[in-house]
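Results of the structural survey
Each chain is listed here by its residues.
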Amino acid sequence: MRNFGPSRGADAETIGKKVPRRKYASHGSRLPCELPSLGLGCSSFSTFFASDDEAPLTVDNMSRGHAAVKGWVETIRHAILHRGITLLDTAPWYGHGTSEITIGYALSDLLVHEDDAVGESRIHRSSIVTNTKVGRYEADPKLQFDFTYDATMNSVQRSLRRCCCRYFDVIQIHDPEFATSLSELIDETIPALVECRRKGWCKAIGITGYPLAVQHELLVSCNMNSDDTVFDQSLVYCHNNLHDMSLYDDQAFLWPNEIGRMSFAECCEKGNIKLMAAAPLSMGLLTCSGPPSWHPASQALRQACASAAQLCESQEVDIASLALLYALSQQEVGCVLLGMKDIQQVNVAADLALRFDGIDLSKCRSSILDTVLTSTEKSVLERLLDRTVGPFANVWSSGEFRWDGVAEAKKHWALVESLKNG
């Protein structure tokens, strides 16, 4: 993520200490029993978040010897070996292949082969969690989405080759709100993923997308109408942060055989679907440098986040660090995924995660934050979350604290149609 963490870097005394781990799934589940509290969001291994004048890196011009790629590989090695950040979350969409290829470069050196011995620089595949996605691919709008059976099978095989993996822990449907219909996912994508699981290409199946309502609809349709549970995991993004906590607060959803409306997080708990949350910095909104030009947030939300950053800066608090601490305090999420593009960012984020070492996560959110935040951070957080005069007060009252993911999908398909018609 752009400009994450304070410029002073990590604490020398904590470099080498590994992030706390958290209980995740039960024994017998297709998911790991525990995860690192902090996961490596691998969209950073691309030029998605680069400045607009920076030359893009593509699968055609990247190489293992490229300076940026070498730095990314070292970042992955450092995160896994020295900071215990053993979960890698990637996708064919990230860099349109550069992220997966970078992971492959790193894992080809890291993973133990048949005659190798485990040591300080080599690990077993079972020591890490590697997740990828299907459905979203190319930059060209006309080629960006493909949820068909054949495309899904081909994508998984290509991802396995790129990442130098024999299997993925979880394969997720990527941004299902962009599918042409729910039936396309049910009739094409999901049968392909079930077959991938049967073949041993993945252990579990997940879903990730921005609109919680779309995820909810698909989870209910599949998990309630199948002899075997289809989805084991939901990865949400940008709903577990300072300006948007609708993952827990939006009591808008129904769950089969349950009375009353509940939050999406509660639905997942009822359905035994494990949560992960990504983008605690809201894809750059909650940083000093602000979001990239393609960010879907409204101008009102951009301004609110900029005001929040200015408030933090006036008190010598880094907004990105405070945002990460806030996201990590949510006990319902087993792992928070953060994009970290270099070793310094890994160390800064890992040091923040270490504040939760030994913390009782069964306590309420406010009690946890009282324990891990400094007095200045607590004061600033109180001002940020003030629903009357805080920087987010207006977007909370207007509903602009989030964007309309379904509307974004409709805009995409309108663009595709206009391109077809020339």
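This text goes with the structure placed above it.
Criteria and cut-off values
- Residues numbered from 1 in each chain as written.
- Predicted model: local features only at pLDDT ≥ 70, side-chain atom pairs only at ≥ 80, totals over all residues.
- Heavy atoms only, no water.
- Helix = DSSP H or I, 4+ residues; strand = E, 2+ residues; numbered from the N terminus.
- Contact = heavy atoms within 4.5 Å.
- Pairing = 2+ DSSP bridges.
- Axes fitted to C-alpha atoms, helices over the stretch in contact; angles between N-to-C directions.
- Left-handed = near helix turned anticlockwise from the far one by under 90°.
- Core = buried A, V, L, I, M, F, W, Y, C linked by side-chain atoms within 4.5 Å.
- Buried < 20%, exposed > 50% of the residue type's maximum accessible area, 1.4 Å probe, protein only.
- Disulfide = S-S within 2.5 Å.
- Phe/Tyr/Trp six-rings, centres within 6.5 Å; stacked < 30°, edge-to-face > 60°.
- Salt bridge = Lys/Arg side-chain N within 4 Å of Asp/Glu carboxyl O.

A few words on the environment of Arg197. Take Arg197: it is sitting in helix H4 (residues 182–199). When the C-alpha positions of Arg197 and Ala68 are compared, they lie 34 Å apart, and in sequence the two are 129 residues distant. Once residues within four sequence positions are removed from consideration, Arg197 is found in contact with Arg30, Cys202, Lys203, Ala204, Ile205, Asp228, Thr229, Val230 and Asp232.

Spatially, eight strands are ordered S3-S4-S5-S6-S7-S8-S9-S10 in a closed barrel, and the strand pairing comes out parallel. Within the sheet, the average angular offset between the axes of one strand and its neighbour, ignoring direction, is 30 degrees.

In this section: the packing of helix H3 (residues 149–163) against H4. Here H3 crosses H4 at 35 degrees, and the two axes come no closer than 8 Å. The chirality of how H3 crosses H4 is right-handed. Here Tyr149, Thr152, Met153 and Val156 of H3 lie close against H4, whose contacting residues are Glu188, Thr189, Pro191, Ala192, Leu193, Glu195, Cys196 and Lys199.

A general trend in soluble globular proteins is that nonpolar side chains are found buried together. One finds Leu40, Ile85, Phe231, Leu242, Phe264 and Phe392 to be the most contacted residues of the largest nonpolar core, which totals 134 residues. It is helix H9 (residues 319–328) that provides the largest number of residues to this core, a total of nine residues.

Further remarks concern the state of the cysteines. This model, assessed by the stated rule, comprises zero disulfides. The thiol of Cys222 is unpaired, and the distance to the nearest cysteine sulfur, on Cys268, comes to 14 Å. Residue Cys222 is classed as buried on the basis of its relative accessible area, which comes to 6%. No disulfide involves Cys267; its nearest neighbouring cysteine sulfur is the one of Cys268, lying 6.9 Å away.

On to the packing of aromatic side chains. Following the criterion strictly, the structure yields eight aromatic pairs and no others. Ring geometry for Phe145 against Phe147: centres 6.1 Å apart, planes inclined by 15 degrees, an arrangement best described as stacked. In this pair, the class of Phe145 matches that of Phe147, namely buried. Geometrically, the ring pair formed by Phe253 and Phe264 is edge-to-face, given 5.9 Å between the ring centres and 70 degrees between the ring planes. Of this pair, Phe253 sits in the loop between helix H6 (246–249) and helix H7 (264–270) while Phe264 is found in helix H7, placing the two residues eleven residues apart along the sequence.

With that out of the way, let us pick up the environment of Ser183. As for its placement among the helices and strands, Ser183 is situated in helix H4. For Ser183 and Lys411, which are 228 residues apart along the polypeptide, the C-alpha to C-alpha distance reads 21 Å.

Side chains that differ in charge, positive against negative, can pair when their charged atoms come close. One pass over the full model with this rule turns up 16 salt bridges. Residue Arg125 pairs with Asp169 through a salt bridge whose shortest N-O separation is 2.9 Å. Residue Arg125 is found in the loop between helix H2 (98–110) and strand S5 (129–134), and its partner Asp169 is found in strand S6 (residues 168–174); the two are separated by 44 residues along the sequence. As far as burial versus exposure is concerned, Arg125 and Asp169 are alike and both buried. Close ionic contact of Asp232 with Arg197 constitutes a salt bridge, the shortest N to O distance being 3.9 Å. Here Arg197 lies in helix H4 and Asp232 lies in the loop between helix H5 (212–223) and strand S8 (233–237), a separation of 35 residues in the sequence. An identical accessibility class is assigned to Asp232 and Arg197; each is buried. Taken together, the shared-partner salt bridges in this structure form one network comprising Arg30, Arg197 and Asp232.

What is shown is where atoms sit, not what they do.
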